[in-house]
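Coordinate inspection notes
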Amino acid sequence: MSAENFDIVIQGGGPVGLACTAWCLQKFPEANIALLDRNSVDDADLVNADSRGVALSHGSKLLLDTINAWSTECADIHRVHVSQAGRFGRALMTREELGQEALGHIIRYRDIHLTLRKALRDIQKNSPHFIWKHIDASDDAENIQAKCVVHAEGGLFKTQDWVESGRDYEQSALVGLVEVENALPFQAWERFTSEGPLAVLPSHYGPKILNLIWCGTPSSSQARLALSDADFLKSLQAEFGSRIGQFLKIQDRRLYELGLNYRKEITQGNEVWIGNAAQTLHPVAGQGLNLGLRDAYLLAEKLSILFSKSEDQKTPMAIETTLQEYAQSRKLDRSATIGLTDFMARIFTSNLLPVVIGRGLGLSALQWLPPIKTALARQMMFGRR
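Rules used throughout
Residues numbered from 1 in each chain as written. Predicted model: local features only at pLDDT ≥ 70, side-chain atom pairs only at ≥ 80, totals over all residues. Heavy atoms only, no water. Helix = DSSP H or I, 4+ residues; strand = E, 2+ residues; numbered from the N terminus. Buried < 20%, exposed > 50% of the residue type's maximum accessible area, 1.4 Å probe, protein only. Axes fitted to C-alpha atoms, helices over the stretch in contact; angles between N-to-C directions. Parallel < 35°, antiparallel > 145°, perpendicular 65-115°, else oblique. Left-handed = near helix turned anticlockwise from the far one by under 90°. Contact = heavy atoms within 4.5 Å. Nonpolar A, V, L, I, M, F, W, Y, C, P; charged D, E, K, R; others polar. Pairing = 2+ DSSP bridges. 1 Å grid on protein atoms, 1.4 Å probe; cavity = no way out; pocket = protein on both sides within 12 Å on 5 of 7 lines; lining within 4 Å. Points joined across faces, edges and corners; volume = space filled by probe spheres on them. Phe/Tyr/Trp six-rings, centres within 6.5 Å; stacked < 30°, edge-to-face > 60°. Core = buried A, V, L, I, M, F, W, Y, C linked by side-chain atoms within 4.5 Å. Expected span 1.5 Å × (residues − 1).

Some remarks on the overall build of the chain
The secondary structure content of the chain amounts to 11 helices and 17 strands. When burial is assessed residue by residue, the chain has 54% of its 385 residues classed as buried.

Notes on the packing of helix α8 (residues 288-307) against helix α9 (residues 316-347)
Relative orientation of the contacting elements α8 and α9 amounts to 160 degrees, with a least axis distance of 10 Å. Between α8 and α9, the crossing angle belongs to the class labelled roughly antiparallel. Crossing of α8 against α9: the hand is right-handed. From α8, L291, R294, D295, L298, L299, K302, L303, L306 and F307 reach across to α9, where they touch A318, I319, T322, L323, E325, Y326, S329, R330, D333, R334 and T337. Looking at the contact of α8 with α9 residue by residue, the classes come out as 10 nonpolar, 3 polar and 7 charged.

Re the sheet that holds strand β4 (residues 75-77)
The antiparallel open sheet is built from 3 strands, whose spatial order is β3-β7-β4. Strand pairing shows two members of the sheet lacking a second neighbour, β3 (53-57) and β4, which therefore form its edges. Direction aside, neighbouring strands of the sheet carry axes that sit 30 degrees apart on average. Here helix α5 (residues 109-124) sits on the sheet and contacts β3 and β7 (104-108); the angle it forms with β7, its principal contact strand, is near 85 degrees.

A look at the sheet that holds strand β8 (residues 130-134)
Two strands in a sheet stick together by hydrogen bonds in their backbones, pointing the same way (parallel) or opposite ways (antiparallel). Strands sit in the order β8-β2-β1-β9-β16-β15 across an open sheet of 6 strands; the sheet is mixed. Here the strands that pair on one side only, and so sit at the sheet edges, are β8 and β15 (267-268). With 4 bridges joining them, strand β1 (residues 4-11) and strand β2 (residues 33-37) adopt parallel strand pairing. Among the inter-strand pairings, Q11 is bridged to a residue of β2, identified as L36. Relative to strand β9 (residues 144-151), α8 is tilted by about 150 degrees, and along the sheet it contacts β1, β9 and β16 (271-273).

Focus: empty space enclosed by the protein
The gaps of empty space that remain are located by a probe, the size of a water molecule, rolled over the atoms. Tallied over the entire structure, the rule returns 1 cavity of 30 Å³ or more. As a volume, the largest cavity reaches approximately 50 Å³. Lining the largest cavity are S51, G53, I106, I107, R108, S203, H204, Y205 and N211.

Brief notes about the environment of D76
Within the secondary structure layout, D76 lies in strand β4. Owing to a relative accessible area of 24%, D76 belongs among the partly exposed residues under this scheme. Through-space distance from the C-alpha of D76 to that of S203 is 8.3 Å; in sequence the pair is 127 residues apart. Leaving out residues up to four positions away in the same chain, D76 has contacts with A102, G104, H105, F186 and P202.

Some points on the environment of I10
Looking at the secondary structure, you find I10 in strand β1. Excluding its chain neighbours within four sequence positions, the residues that come into contact with I10 are G17, C20, T21, I33, A34, L35, L36, V150 and A152.

Quick look at the packing of aromatic side chains
Applying the stated rule across the entire model yields 5 aromatic pairs. On the numbers, 6.3 Å between centres and 45 degrees between planes, the contact of F130 with W132 is tilted. Across this residue pair, the class does not change: F130 and W132 are buried. Considering the side-chain rings of W189 and F240, the 6.0 Å spacing of their centres and the 80 degrees angle between planes classify their relative orientation as edge-to-face. Taken as a pair, W189 in strand β11 (residues 187-193) and F240 in helix α7 (residues 229-240) lie far apart in primary sequence, 51 residues in all.

Considerations on the packing of helix α1 (residues 15-27) against α8
The geometry of α1 relative to α8 is characterised by a closest axis approach of 8 Å and an angle of 30 degrees between their N-to-C directions. As the angle between them shows, α1 and α8 are arranged roughly parallel. Crossing of α1 over α8 shows right-handed handedness. Each of P15, V16, A19, C20, W23, C24 and K27 in α1 lies in contact with α8, whose residues at this interface are L289, G292, L293, A296, Y297, L299, A300, E301, L303 and S304. In the contact of α1 with α8, the residues fall into 13 nonpolar, 2 polar and 2 charged.

Focus on the nonpolar core
The biggest cluster of nonpolar side chains holds 54 residues, and the ones touching the most others in it are W23, L64, V150, I274, L299 and L303. It is α8 that contributes the most residues to this core, 10 residues altogether. If near-sequence neighbours (up to four positions away) are discounted, L64 is found in contact with W23, L56, A69, W70, L116 and L293. The next biggest cluster of nonpolar side chains, apart from the first, holds 27 residues, and it includes I106, A173, L258 and V284.

Considering α5
Spanning 16 residues, α5 covers 23 Å between terminal C-alpha atoms, matching the ideal 22 Å at 1.5 Å per step. Where α5 is concerned, the buried positions are R110, D111, I112, H113, L114, T115, L116, R117, A119, L120 and I123.

Quick look at the pairing of strand β10 (residues 165-180)
Note that β10 and strand β14 (residues 247-262) share 13 bridges and pair antiparallel. When the bridges of β14 are listed, R167 appears paired with L260. Sheet topology note: the β10/strand β13 (residues 209-216) ladder contains 8 bridges and is antiparallel. Within β13, the residue paired with L174 across the bridge is W214.

Laid out in structure tokens, this is it:
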């Protein structure tokens, strides 16, 4: 079979790969791009796919709005209450403090995926040189050649075929949907326990059905997964407390292993890695997909400028230089987000008394020193440039 030649090949049809493709084509509709997607041509396989709630920052919403890729089925977060179980220290963040429409949003993963596919199909109509190739594991991609290769194949921790730097937190996240008695609309709760964070987040199913993310040791998480619904709710109530009344029902319990995996160098020659292919984070601050979308947006900005130039300017040296400039532009945001997430994942599981006291003082400082709280919230919402 003769080789197919493209300026850009984007490997991975998940949200980050789709978004990067859409932004490239939006900025330069004539771009010669191939998207390699292991999902089927239609959306049949995705309609009933991953239904877990994923946190998207308000900054991500603003980015996705630029390509009409925002799902209407989402739940907004106006307030975030942070505390540690059985210890002093609490903080409350509100949208009013930051002057924003919302602090964040909770969307089902499959809805993000489907909305981005629809947005890309709309953009595709005006992109004559774009090819959306649906492939499976048996397809040979070696006949596809490109001047620039973007790796956007994400994957979950311990399912990835690469390990470079990071750590295994020896934690699992138990996720599900929980019905509560007295939920406050638009409020998210993050409670730090001796085994890890316990988050209760809004959902689009209504004010009383909330997304649950309960992190703990693998053995504890497996034991909780095996409990009857009644015993699970009792255990959850004891750990979380009664701030939102009684936990009434639990459904769709699943486990995910947690860890940090990141590449020190995200470019090599004409190749670049973005999203979970570049860094896989602990979900403690809900930053993984948000960081990946910022990767995709800024890379698309760089690539669209380069490949809109004349053919003699798209040299291997120019491509490599552009990717190096992209990597340099992402250093501050990547290091800040990876560092913050890693710090929170580790510091909030320590039971050493000095650390416990320090955590309480830190949360109190967030509450009573607004500039610190604002800076932290803005990092989570918009990243760092």
